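Next come the chains, spelled out residue by residue.
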Amino acid sequence: MSAGLPEDVVNTVAQMQSPTPMPPVGSNWLRHGVTTQACLIDSMLLGEGHMLDEIAHELYRVFQVDHPDRQPADWIPRIQSHLGHLTDGDPTYQEPHHLSVVEVGGRWRFGYF
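Analysis parameters
Residues numbered from 1 in each chain as written. Predicted model: local features only at pLDDT ≥ 70, side-chain atom pairs only at ≥ 80, totals over all residues. Heavy atoms only, no water. Pairing = 2+ DSSP bridges. Helix = DSSP H or I, 4+ residues; strand = E, 2+ residues; numbered from the N terminus. Buried < 20%, exposed > 50% of the residue type's maximum accessible area, 1.4 Å probe, protein only. Polar contact = N/O pair within 3.5 Å; in protein donor to acceptor, adjacent residues only side chain to side chain. Contact = heavy atoms within 4.5 Å. Phe/Tyr/Trp six-rings, centres within 6.5 Å; stacked < 30°, edge-to-face > 60°. Core = buried A, V, L, I, M, F, W, Y, C linked by side-chain atoms within 4.5 Å.

Caption draft 1: View of the pairing of strand S3 (residues 107-110). Sheet topology note: the strand S1 (residues 50-51)/S3 ladder contains two bridges and is antiparallel. For His50, the partnering residue across the bridge sits in S3 and is Trp108. Here strand S2 (residues 101-104) runs beside S3; their pairing, made up of four bridges, is antiparallel. Bridged to Val102 within S3 is Arg109. Counting the residues in the hairpin turn of S2 and S3 gives two residues, including Gly105, whose phi is positive at 60°.

Caption draft 2: Spotlight on the side chain of Gln37. One can find Gln37 in helix H2 (residues 37-44). The exposure class of Gln37 is buried, given its relative accessible area of 16%. Reaching out from Gln37, the side chain makes a polar contact with the side chain of Arg78 at a distance of 2.7 Å. If we skip the residues at most four places from it in the chain, Gln37 touches Leu59, Phe63, His67, Trp75 and Arg78.

Caption draft 3: A look at the packing of aromatic side chains. For the coordinates displayed, the defined rule picks out two aromatic pairs. Ring centres 6.2 Å apart and planes at 70° place the aromatic pair Trp29 and Phe110 in the edge-to-face group. Here Phe110 lies in strand S3 and Trp29 lies in the loop between helix H1 (8-17) and H2, a separation of 81 residues in the sequence. Here Trp29 matches Phe110 in class, with each residue buried. Measuring from ring centre to ring centre gives 6.2 Å for Phe63 and Trp75, while their planes differ by 40°; the resulting arrangement is tilted.

Caption draft 4: Representation of the nonpolar core within the structure. Counting 22 residues, the largest nonpolar core has Leu45, Ile55, Leu59, Ile79, Leu86 and Phe110 as the members making the most contacts within it. The set of elements that each furnish at least two residues to this core consists of H1, H2, helix H3 (52-63) and helix H4 (76-86). With five residues, H3 is the largest single contributor of residues to this core. Look past the residues within four positions of Leu59 in its chain and what remains in contact with it is Gln37, Leu40, Ile41, Gln64, Trp75 and Ile79.

Caption draft 5: Layout of H4. Summarising burial for H4: eight of the 11 residues are buried, a large majority. Residues of H4 that are buried: Arg78, Ile79, Ser81, His82, Leu83, Gly84, His85 and Leu86. Next to the buried residues of H4 lie H2, H3, S2 and S3.

Written as structure tokens, this is what we have:
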């Protein structure tokens, strides 16, 4: 998990304005590996965002091979923990990113625009 840097807000706003496709290897604009749960959650917060259950179903679909015992609802705590890492911190992660993440109409997204 990455630690927050001052440019994270600027990079997130730039990604929202002009999303760039994720490369097959490497990391995203927040330095989360492109094949990780964190990267998938980050990308689902772009644009209009998604409901927690939509994010959970996508994590289930993509990562069920690695976690065959998990059902979609089992991913909700993981999502909430990552949202904490993106905002003001979650004690299980490194330094937070200090980004704005908001819930609008049940949909979670980055809170810029």
